Amino acid sequence: MKNNRKWWFRGLKNFLKIFIHKPKFIFLGDKPQKNCLILSNHAGAKGPLKAELYFKQPLRIWGTYEMNSGLKMVYKYLSETYYYQKHHWKKFFAKSFSLIAAPFANLFYKGLRLIPTYRDTRLRNTIKESVNAIKEGQKIVIFPEDSSQGYFDTLTKYFSGFAFLAKTCYKEGIDLDIFATYYKKSENVYIFDKPIKYSKCVDLGLTGDKLADEMCRRTNELSMLDLTGYIPQRFD
């Protein structure tokens with residue numbers, strides 16, 4: 001199954017690849033196959049961009065609903081939350097730059113087919129859309145870190161929405177492979193840990209917030225790996 005992105009968006013991605021370099025992929029175990037959930041750090045916007053541009057397998061990305069809610073909402077999110085709150089820009093520069101960035105971001109996220117996430121009961125819509133995407137053969141990529149105070153190389157917390165998705169899939173007979181991954185900006189390397197089955201997590205008593213804490217801890221371990229001797233591989 002190929003990525004079902006529209007022709008104009010594929011063209012936009014090819015243009016962006018001129019400026020955004022392909023990362024090296026390091027796999028500590030099996031590569032992602034069907035029925036899998038990929039957890040990653042944000043690294044600002046680099047994590048989602050690298051994922052969309054260079055993950056060759058069909059995928060859907062989770063992201064905040066504001067980026068799926070039209071140009072006005074995109075501008076508000078970029079100017080008040082993304083650049084001002086998370087990147088700590090001065091308010092004037094955040095608002096000014098967002099005037100330029102918002103139209104491009106709005107276009108990009110339309111082509112991305114983002115699965116919107118919510119902080120209320122509408123999360124169930126996120127789960128439903130994600131389960132359907134998995135059944136269609138697509139992989140789900142989630143950036144679950146708490147970025148309310150900014151983006152850090154060492155992660156402080158993972159939210160547990162992904163654990164709810166894994167639990168829902170499990171109830172429907174889909175035992176997801178869960179990958180902890182880390183994008184290391186300094187080396188332009190994407191590190192994939194060995195996958196763990198959700199059923200194994202259940203056996204270990206790792207569900208809900210406990211699973212989120214464990215995946216956050218393991219992702220931080222990946223960030224500190226000595227990559228000497230690891231041979232980068234293609235991800236397709």
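Residues numbered from 1 in each chain as written. Predicted model: local features only at pLDDT ≥ 70, side-chain atom pairs only at ≥ 80, totals over all residues. Heavy atoms only, no water.

## A look at the packing of aromatic side chains
Part 1 of the reasoning: A full pass over the atoms with the stated rule returns 23 aromatic pairs.
Part 2 of the reasoning: The residue whose ring lies beneath K91 is Y84, and the NZ or CZ to ring-centre distance is 5.0 Å.
Part 3 of the reasoning: Here R122 stacks its cationic end above the ring of Y65, 5.2 Å away from the centre of that ring. (Phe/Tyr/Trp six-rings, centres within 6.5 Å; stacked < 30°, edge-to-face > 60°. Lys NZ or Arg CZ within 6 Å of the ring centre and 35° of its normal.)

## Examining helix α8 (residues 208-223)
Part 1 of the reasoning: With 16 residues, α8 ought to run about 22 Å at 1.5 Å a step, and its terminal C-alpha atoms sit 23 Å apart, in line with that.
Part 2 of the reasoning: Looking at α8, one finds that the buried residues are L211, A212, M215, C216, T219, N220, L222 and S223.
Part 3 of the reasoning: Looking at the buried positions of α8, the neighbouring elements they touch are β2 (36-39), α6 (161-171), β6 (177-184), β7 (189-192), β8 (196-197) and α7 (198-203). (Helix = DSSP H or I, 4+ residues; strand = E, 2+ residues; numbered from the N terminus. Expected span 1.5 Å × (residues − 1). Buried < 20%, exposed > 50% of the residue type's maximum accessible area, 1.4 Å probe, protein only. Contact = heavy atoms within 4.5 Å.)

## With respect to unusual backbone geometry
Part 1 of the reasoning: At N35, a residue that is not glycine, the phi angle is positive and equals roughly 55 degrees.
Part 2 of the reasoning: Not every positive phi belongs to a glycine, and A43 is a case in point at roughly 50 degrees.
Part 3 of the reasoning: Position of A43 relative to the elements: it lies in the loop between β2 and α2 (46-54).

## A short note on the packing of helix α5 (residues 123-135) against α6
Part 1 of the reasoning: Taken N-terminus to C-terminus, the directions of α5 and α6 make an angle of 55 degrees; their axes are 10 Å apart at the nearest point. Compared by their axis directions, α5 and α6 come out oblique. Both α5 and α6 take part in a crossing whose hand is right-handed. Together, L123, R124, I127, S130, V131 and I134 of α5 and G161, F164, L165, T168 and C169 of α6 make up the contact between the two elements.
Part 2 of the reasoning: By residue class, the composition of the contact of α5 with α6 is 7 nonpolar, 3 polar and 1 charged. (Axes fitted to C-alpha atoms, helices over the stretch in contact; angles between N-to-C directions. Parallel < 35°, antiparallel > 145°, perpendicular 65-115°, else oblique. Left-handed = near helix turned anticlockwise from the far one by under 90°. Nonpolar A, V, L, I, M, F, W, Y, C, P; charged D, E, K, R; others polar.)

## Thoughts on the side chain of N106
Part 1 of the reasoning: Considering the arrangement of structural elements, one finds N106 in helix α4 (residues 91-112).
Part 2 of the reasoning: Not counting residues within four places of it along the chain, the set of residues in contact with N106 comprises G70, L71 and V74.

## What about the environment of G47?
Part 1 of the reasoning: Relative to the assigned elements, G47 resides in helix α2.
Part 2 of the reasoning: Among the residues examined, G47 registers a relative accessible area of 0% and is labelled buried.
Part 3 of the reasoning: Counting along the chain gives 137 residues from G47 to K184, while the straight-line C-alpha distance between them is 9.2 Å.
Part 4 of the reasoning: Aside from chain neighbours lying at most four places away, what touches G47 is N41, H42, F143 and Y190.

## Details of the environment of F92
Part 1 of the reasoning: Within the secondary structure, F92 sits in helix α4.
Part 2 of the reasoning: The class of F92 is exposed, set by a relative accessible area of 60%.
Part 3 of the reasoning: C-alpha separation for the pair F92 and S79, spaced 13 residues apart in sequence, amounts to 9.0 Å.

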